[in-house]
Structure formats: structure tokens, C-alpha cells
Amino acid sequence: MDQIWWKQISRASHFIRNTANAALDGKNIILSFPEFIPWQNTMYEIIEGILHTENPEYRLVFHECPAGDIGEFLLKEYCKREKRASYRFGMSYAAFLAKSEDIVLNTRYLWIKNVSGKKLEEWARFILDYNKNLPKHKSPAIFILETHSAGIRPPKIKGIRYISFDDNVDSYDKFTFCALASTDTDVKGYLRPYLADLVSTVCKDDIELCAACIQHWRDFLENPLQTLKRIAKQEVHSDGSSFCLDLKQETVEKSIWEGQIKLLFPIVEKYRSKFIKRHYAEINKALPVQTSYGDFIKNPLDVELGCIIQMVGNKYITLNDSEYTQLDNFRHARNDLAHSTPISFTRVDWILSQKI
């Protein structure tokens, strides 16, 4: 599933390529992520592989953001004891590191994880000072700052590129992932678009939850709420964190309805339109009819399925048992959707299997 997301979803793949290209171009980067990154370690590995292949002289190194002074941290991590001893107060750590020729920092991509809003400003100032003091033609360290602070868009700083995950990936990518992931299951072909749309709607922005629901697709189609509860209880994200879900019945049912109405309502309307065209003369003879709101319907094209059922009961339209069952099922589906009520999977399966 992780390979599908990071390698086959074009915008997720472009995000990785854009990040790697910026680093290869010698740009320092601020990477803005939502709270959770799907298959984060896979993303790290792919970017690391690209950087190593295209610039083997440099090495990608990961660090958690230090709580203390940035310069002191880098001095300790990347300078030998003798080099550290040569540092003199009065020069900034950034300037000292920038001017030093004999340190491994000069051949490193430094990926700093979990940089908070305040620390992000400190890192930006450090990088600005570092770049300002770089001698010409010296190979510099490249800094990649990973932040999960929502809404942070730092001021433009020369030499630092801002790349946002949310600006690169959207809801369509999530649906595409669900559609591709579902091809590895044996779900019926006519159900696959419904499964992909339902999962992507119910799971919101959690791609790994989408993957878990696709893996349990049979249970999810039959009972989404109970399947979500079981996943939340028994499974975790790839980084070990729990799935954080709103498991209130009304919340899940609203999401199910939102997923159903996008796919099923057009099918119901297509059926209604074709039925009216087949029985136009019979329906026209039964008009005008008065609605429960007191309005009169005079045009057959405006007649709803509930009204058509009444016309059948009043002998205006003759149907065989199969045709009546089909009409009644579509009428119930239309009423449920119109009243924000999710349709049972049995009826969904039946609707999607119909050749209209």
C-alpha cells in the first residue's frame, strides 16, 4: 500500500521528486506536513534513495529537532573535539561552521524532524547566517526542515524553498489511491468505484486508514462503523500511533450518505428518466397530479418515483413483478438519499448491479 501511495499517485510522487530536486539544486527546504504523514519511513527511504543515486558524495542524515541552541548542536554532532576547541566566542556558530572546510557537515543533507513554529524561525535565521558566511565555491550543508505546525507559512527567505504537502496532495489523490488499492482485492468490478468513493469519504484525510479499510473491504461494505471500531481497537499507523476516529454513529452515517449520494443519486435519476421515457404516454394521461405541498405537476418529466408508484397502484401504468420490484427499490433508495439516510449495502449492491 505504501508503494502505491508514494510511487503510483502522481501528486504524492511529484511531492517526493520536488523535494529531492530542491535538495539536489542546493536549496534549503521547509517541508510543511499535516499532523500525520502516510507511511513516513517509506517517504524518507525513497527521497534518500534519489539523493544517494544522483549525488553520492552527499549523505542524508535525520535528526530530531534539538531543544537547545542549533549551533551548539551542530558543532557537537559534526565537529571533532579539536575542531570544536578552535571555535572562539565572538563568531556565530553559523559563521564558524560555514567557513570550516574540514568537517563532514559540508557533505550532508540534514533532515530535521518535528520543527515547531518558534524553532522554525530560529532555524531560518541560522540558515540565513550560515549561507551569508559561506566562502565561494565551498560545498555547503543542505538543511531540510520538517514541520507539522498547521497554518505556518514562513516569510520568503533567500536560499530556502517552502514546499507544502497539502498544496501538492488533495482529495482526488486520496480517491485515486483507494481506487488503485481496490484493484488488488477481488471486489466485484461494479462495486469498485463505490468502495473507493465510500472509503475516501469516510476516512477523511487518513490515507493509512483508507488502506486498512480497503484491506477489510468485505466487512467495511457491510458495516463501515463496526469495521472502523475494530480497526481502531486492533490496528495502528505504520509509525505506531493510534487511529484517531470520530466513531459516533451519526458522524459515520453522515459520511456514508455523502459517499453514497455522489455515486448513487445520478444512477437513481438515470433510472427515473428512462422509466418516464418508456412510459411517457401513460404518465401523461394521469396528469396533472397534486403534490403533498399543493403544487400541480403537469409535465411527465417532473414526476418523481413516489408519484409513479401511485400511478401503478391506480392502474395508469402496467408493470410485471420484476419491473415493479425494480421501481420500488429505486423509489426507496431515492427517498433514503433525499432524507440524508444511508442506504443498506444490500440495496447498494442491487442498484449498482442493475443495467439501466
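You'll find the structure just up there.
Source: prediction; values computed, not measured.

**Concerning the overall build of the chain**
So, step 1. Scanning the chain from N- to C-terminus turns up 18 helices and 7 strands.
So, step 2. Computed over the C-alpha atoms, the radius of gyration of the chain is 30 Å, more than 25% above the 21 Å expected from 2.2 N^0.38 for a compact globule of 356 residues.
So, step 3. Principal-axis analysis of the C-alpha atoms gives the chain an extent of 100 × 40 × 35 Å.
So, step 4. Looking at the chain as a whole, 47% of its 356 residues are labelled buried.
So, step 5. Per element, the accessible surface of the chain, about 18,900 Å² overall, is 49% carbon and sulfur.

**Quick notes on the environment of Ser-292**
So, step 1. Relative to the helices and strands, Ser-292 resides in the loop between strand S6 (289-290) and strand S7 (296-297).
So, step 2. A relative accessible area of 75% means that Ser-292 is categorised as exposed.
So, step 3. Sequence spacing of Ser-292 and Ile-256 is 36 residues, and the spatial spacing of their C-alpha atoms is 29 Å.

**Description of unusual backbone geometry**
As a rule of thumb, non-glycine residues mostly have phi less than zero, and peptide bonds are mostly trans rather than cis.
So, step 1. Cis geometry is found at the peptide bond from Leu-287 to Pro-288, where omega equals 5 degrees.
So, step 2. Here the phi dihedral of Asn-114 falls at roughly 55 degrees; this positive angle occurs in a residue that is not glycine.
So, step 3. The residue Asn-114 is located in the loop between strand S3 (108-113) and helix H7 (117-132) in this model.
So, step 4. One non-glycine residue with positive phi stands out, namely Lys-315, at about 70 degrees.
So, step 5. Structurally, Lys-315 can be placed in the loop between helix H16 (305-313) and helix H17 (321-338).

**Examining the nonpolar core**
So, step 1. Trp-5, Trp-6, Met-43, Phe-177 and Ile-308 are the most contacted members of the largest nonpolar core, which has 87 residues in total.
So, step 2. At 8 residues, helix H14 (residues 249-278) tops the list of elements feeding residues into this core.
So, step 3. Look past the residues within four positions of Trp-6 in its chain and what remains in contact with it is Ala-12, Ser-13, Phe-15, Ile-16, Ile-37, Pro-38, Trp-39, Thr-42, Met-43, Ile-46 and Phe-165.
So, step 4. In terms of nonpolar packing, the next biggest core, distinct from the first, is built from 31 residues, Ile-30, Leu-75, Leu-110 and Leu-145 among them.

**As for the layout of surface pockets**
So, step 1. A volume near 770 Å³ is recorded for the largest pocket.
So, step 2. Taken together, 33 residues line the largest pocket, and the ones lying closest to its centre are Phe-36, Cys-203, Lys-204, Asp-205 and Asp-206.
So, step 3. Listing elements by their share of the lining of the largest pocket, those giving two or more residues are helix H8 (165-168), helix H9 (171-182), helix H11 (207-215) and H14.
So, step 4. Among the elements that take part in the lining of the largest pocket, H14 stands out by supplying 3 residues, more than any other.
So, step 5. Considering only residue class, the lining of the largest pocket consists of 16 nonpolar, 8 polar and 9 charged.

**What about the packing of helix H10 (residues 192-202) against H14?**
So, step 1. Interaxial distance between H10 and H14 falls to 8 Å at its minimum, and their mutual angle equals 145 degrees. In the packing of H10 onto H14, the handedness of the crossing is right-handed. Counted together, Pro-193, Tyr-194, Asp-197, Leu-198, Thr-201 and Val-202 of H10 and Ser-255, Ile-256, Glu-258, Gly-259, Gln-260, Lys-262 and Leu-263 of H14 form the full contact between these two elements.
So, step 2. Broken down by class, the residue content of the contact of H10 with H14 amounts to 6 nonpolar, 4 polar and 3 charged.

**Observations concerning the environment of Met-311**
So, step 1. Position of Met-311 among the secondary structure elements: in helix H16.
So, step 2. Taking the C-alpha atoms as reference points, Met-311 and Glu-282, 29 residues apart in sequence, are found 9.0 Å from one another.
So, step 3. In this structure Met-311 touches Ile-283, Ala-286, Leu-287, Val-289, Val-303, Tyr-316 and Ile-317, once residues within four positions along its chain are discounted.

**Things to note about the side chain of Asp-206**
So, step 1. By the element assignment, Asp-206 lies in the loop between H10 and H11.
So, step 2. It turns out Asp-206 is buried and unbridged, and the closest side chain with the opposite charge, Lys-174, is 9.4 Å from it.
So, step 3. If we skip the residues at most four places from it in the chain, Asp-206 touches Phe-36, His-237 and Phe-243.

**Overview of the state of the cysteines**
So, step 1. Taken as a whole, this structure holds 0 disulfides when the rule is applied.
So, step 2. Summary of cysteine pairing: Cys-244 is not part of a disulfide, and the nearest cysteine sulfur, belonging to Cys-203, is at 13 Å.
So, step 3. Owing to a relative accessible area of 73%, Cys-244 belongs among the exposed residues under this scheme.

**Concerning the packing of H9 against H10**
So, step 1. Between H9 and H10, the shortest axis-to-axis distance is 8 Å and the interhelical angle comes to 135 degrees. Taken together, the axes of H9 and H10 are oblique relative to one another. Regarding H9 and H10, the two cross each other, and that crossing is right-handed. Note on element contacts: H10 touches H9 through Arg-192, Pro-193, Leu-195, Ala-196, Asp-197, Val-199 and Ser-200, opposite Lys-174, Phe-175, Cys-178, Ala-179 and Ser-182.
So, step 2. Class assignment for the residues of the contact of H9 with H10 results in 7 nonpolar, 2 polar and 3 charged.

**Notes on the pattern of salt bridges**
So, step 1. Counted under the stated rule, the structure contains 13 salt bridges.
So, step 2. A salt bridge links Glu-54 to Arg-17; the nearest nitrogen and oxygen atoms lie 2.9 Å apart. Taken together, the residues span a long stretch of sequence, with Glu-54 in helix H3 (residues 40-54) and Arg-17 in helix H2 (residues 10-24) at a distance of 37 residues.
So, step 3. Residue class for Glu-54 comes out partly exposed when judged on its relative accessible area of 45%.
So, step 4. Judged by relative accessible area, which is 28%, Arg-17 ranks as partly exposed.
So, step 5. In this structure, Glu-258 engages Lys-254 in a salt bridge whose closest nitrogen and oxygen atoms are separated by 2.5 Å. With Glu-258 and Lys-254 both in helix H14 and 4 residues apart, the pair spans about one turn of that helix.
So, step 6. Relative accessible area serves as the criterion here: at 24%, Glu-258 is assigned to the partly exposed category.
So, step 7. Residue classification places Lys-254 among the partly exposed positions, given a relative accessible area of 48%.
So, step 8. What you see here is one network of salt bridges that share partners, running through Arg-11, Asp-170 and Asp-173.

Scoring rules and cut-offs
Residues numbered from 1 in each chain as written. Predicted model: local features only at pLDDT ≥ 70, side-chain atom pairs only at ≥ 80, totals over all residues. Heavy atoms only, no water. Helix = DSSP H or I, 4+ residues; strand = E, 2+ residues; numbered from the N terminus. Rg over C-alpha atoms; globule rule 2.2 N^0.38 Å. Buried < 20%, exposed > 50% of the residue type's maximum accessible area, 1.4 Å probe, protein only. Areas by Shrake-Rupley, 256 points an atom, 1.4 Å probe, with all protein chains shown as cover. Core = buried A, V, L, I, M, F, W, Y, C linked by side-chain atoms within 4.5 Å. Contact = heavy atoms within 4.5 Å. 1 Å grid on protein atoms, 1.4 Å probe; cavity = no way out; pocket = protein on both sides within 12 Å on 5 of 7 lines; lining within 4 Å. Points joined across faces, edges and corners; volume = space filled by probe spheres on them. Nonpolar A, V, L, I, M, F, W, Y, C, P; charged D, E, K, R; others polar. Axes fitted to C-alpha atoms, helices over the stretch in contact; angles between N-to-C directions. Left-handed = near helix turned anticlockwise from the far one by under 90°. Lys, Arg positive; Asp, Glu negative; His and termini not counted. Salt bridge = Lys/Arg side-chain N within 4 Å of Asp/Glu carboxyl O. Disulfide = S-S within 2.5 Å. Parallel < 35°, antiparallel > 145°, perpendicular 65-115°, else oblique.

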